[in-house]
Amino acid sequence: MAGGFPQGGDGGGRTADGVGIRTFPFPVERSVCGVGMQIAPMDPDRTWRADALLDRVHRIDFHIVMLLDGGPLRHMIDFTEYEATAGDVLWIRPGQVHRFSRDAEYRGTVLAMQPGFLPRATVEATGLYRYDLPPLMRPGPARLAALRAASDQLRREYEDAETLPLSLHTAVLRHTLTAFLLRLAHLAAGSGDAARPAEDSVFTLFREAVERDFATNHSVTAYADALGYSRRTLARVVRAAGGETPKAFIDRRVVLEAKRLLAHTDLPIGRVGAAVGFPDAANFSKFFQQHTDTAPAAFRAEHR
């Protein structure tokens, strides 16, 4: 394909029992000084790794931000085809299913960030896990110029691995990356239908717990107990942050994963249900139809 990205490491992508959606890890061994980020021009001769077919649906377990200089192109993220061109920004978050266009030329700057590289306060301030916000952003001229300047500064700091000890180099990168992400987060919030209230640490902890455990835990009480909060407190926080109940938040995450597996793998429907916490196929089918008005088999057929 035309257009490419910083090359990944030698470890293979992960799949669910060999037939799930392939997941590529952050290529930390190829980053400058091994820090948890990379920033570079998009290179037509590079990819996550040598055998990665990016025009097939896959996941990454890290953040990718593409600041585009070329286009137009189409990029699929979680069942939506986004049309982007020069000056647009695409932000793909960990775990999202996506696919690159086979014939499009991806030109510009690509930033990769490993989860855990930034401290929690920065994660919350920059909205790193605001999956509710659209991944495509179209900054105006002034914001685009500011983003490009921040991106250029970040790249200079990233490539300067000689003038500072590693610990200071990493600290400078974290601060410079934070400045870039704060600009990006402000742009992303403005790209949504409505900016939602700031998320506090309780909601961040809940969201992280759901992301980690949704395949085995669908209980609001269990999450509240594990986090050390009452159901009432959790309900108030989740509604303030996202306008829905904790149960609706959990169910939405389960449904999204089920859709991903139905559309993009050949797993039998019973195994899809088991993968999202429903050992009984009939219970899974009932749950899925209640939340989508579509039977799992019909949803799969519609997306094949």
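Residues numbered from 1 in each chain as written. Predicted model: local features only at pLDDT ≥ 70, side-chain atom pairs only at ≥ 80, totals over all residues. Heavy atoms only, no water.

Looking at the overall build of the protein
Okay, so step 1: The number of helices and strands found in the protein is 10 helices and 10 strands.
Okay, so step 2: When each of the 304 residues of the protein is scored for burial, the buried share is 49%.
Okay, so step 3: Across the protein, contacts joining residues at least 24 apart in sequence account for 73% of those joining residues at least 6 apart.
Okay, so step 4: Counting only carbon and sulfur atoms, one obtains 51% of the accessible surface of the protein, whose full area is about 14200 Å². (Helix = DSSP H or I, 4+ residues; strand = E, 2+ residues; numbered from the N terminus. Buried < 20%, exposed > 50% of the residue type's maximum accessible area, 1.4 Å probe, protein only. Contact = heavy atoms within 4.5 Å. Areas by Shrake-Rupley, 256 points an atom, 1.4 Å probe, with all protein chains shown as cover.)

A short note on the sheet that holds strand β7 (residues 89–92)
Okay, so step 1: Strand order across the open sheet formed by 5 strands is β2-β9-β4-β7-β10, with antiparallel pairing between neighbours. Every other strand in the sheet has two partners, leaving β2 (37–41) and β10 (136–137) as the edge strands with one partner each.
Okay, so step 2: Where strand β4 (residues 63–68) lies against strand β9 (residues 108–113), 6 bridges are found, and the strand directions are antiparallel. Across the sheet, histidine 63 pairs through a bridge with methionine 113, a residue of β9. (Pairing = 2+ DSSP bridges.)

Here we look at the layout of surface pockets
Okay, so step 1: The calculated volume of the second largest pocket comes to roughly 680 Å³.
Okay, so step 2: Considering the residues around the second largest pocket, the lining is formed by 30 residues, among which Gln96, Tyr131, Asp132, Arg252 and Leu256 are closest to the centre.
Okay, so step 3: Those elements giving two or more residues to the lining of the second largest pocket turn out to be β6 (80–84), α4 (201–213), α6 (231–242) and α7 (246–264).
Okay, so step 4: Take the lining of the second largest pocket: its biggest share by element is 7 residues, from α7.
Okay, so step 5: Looking at the lining of the second largest pocket, its residues break down into 15 nonpolar, 4 polar and 11 charged. (1 Å grid on protein atoms, 1.4 Å probe; cavity = no way out; pocket = protein on both sides within 12 Å on 5 of 7 lines; lining within 4 Å. Points joined across faces, edges and corners; volume = space filled by probe spheres on them. Nonpolar A, V, L, I, M, F, W, Y, C, P; charged D, E, K, R; others polar.)

Considerations on the pattern of salt bridges
Okay, so step 1: Tallying each qualifying case throughout the model produces 17 salt bridges.
Okay, so step 2: With its nearest N and O atoms 2.8 Å apart, the salt bridge here joins arginine 130 to aspartate 132.
Okay, so step 3: Since its relative accessible area comes to 35%, aspartate 132 is described here as partly exposed.
Okay, so step 4: Between glutamate 244 and arginine 252 there is a salt bridge, and its shortest N-O distance comes to 2.4 Å. (Salt bridge = Lys/Arg side-chain N within 4 Å of Asp/Glu carboxyl O.)

A closer look at the environment of cysteine 33
Okay, so step 1: Following the sequence through the fold, cysteine 33 ends up in the loop between β1 (23–24) and β2.
Okay, so step 2: Sequence separation between cysteine 33 and histidine 169 is 136 residues, and the spatial gap between their C-alpha atoms is 9.1 Å.
Okay, so step 3: Once residues within four sequence positions are removed from consideration, cysteine 33 is found in contact with Ala161, Leu166 and His169.

Considering the sheet that holds β6
Okay, so step 1: Spatially, β6-β5-β8 is the arrangement adopted by the 3 strands of the open sheet, whose pairing is antiparallel. Looking along the sheet, the strands with just one partner apiece sit at the ends: β6 and β8 (98–99).
Okay, so step 2: Note that strand β5 (residues 73–77) and β6 share 5 bridges and pair antiparallel. Pairing of histidine 75 across the sheet is with tyrosine 82, part of β6.

A look at the side chain of threonine 292
Okay, so step 1: Its place among the elements puts threonine 292 in helix α9 (residues 281–292).
Okay, so step 2: Here the side chain of threonine 292 touches threonine 294 through a polar contact of 3.0 Å, landing on its backbone oxygen.
Okay, so step 3: Contacts of threonine 292, omitting those with residues within four sequence positions, involve Val255 and Lys259. (Polar contact = N/O pair within 3.5 Å; in protein donor to acceptor, adjacent residues only side chain to side chain.)

Looking at unusual backbone geometry
Okay, so step 1: The omega torsion of the bond from glycine 71 to proline 72 falls at 0°, within 30 degrees of zero and hence cis.
Okay, so step 2: The backbone of aspartate 78 shows a phi angle near 45°, a positive value even though the residue is not glycine.
Okay, so step 3: Backbone geometry at aspartate 293 places phi at a positive 60°, although glycine is not the residue there.
Okay, so step 4: Residue aspartate 293 is classed as exposed on the basis of its relative accessible area, which comes to 70%.

Describing the side chain of glutamine 38
Okay, so step 1: As for its position among the elements, glutamine 38 is in strand β2.
Okay, so step 2: One polar contact links the side chain of glutamine 38 to the main-chain carbonyl oxygen of proline 27, over a distance of 3.1 Å.

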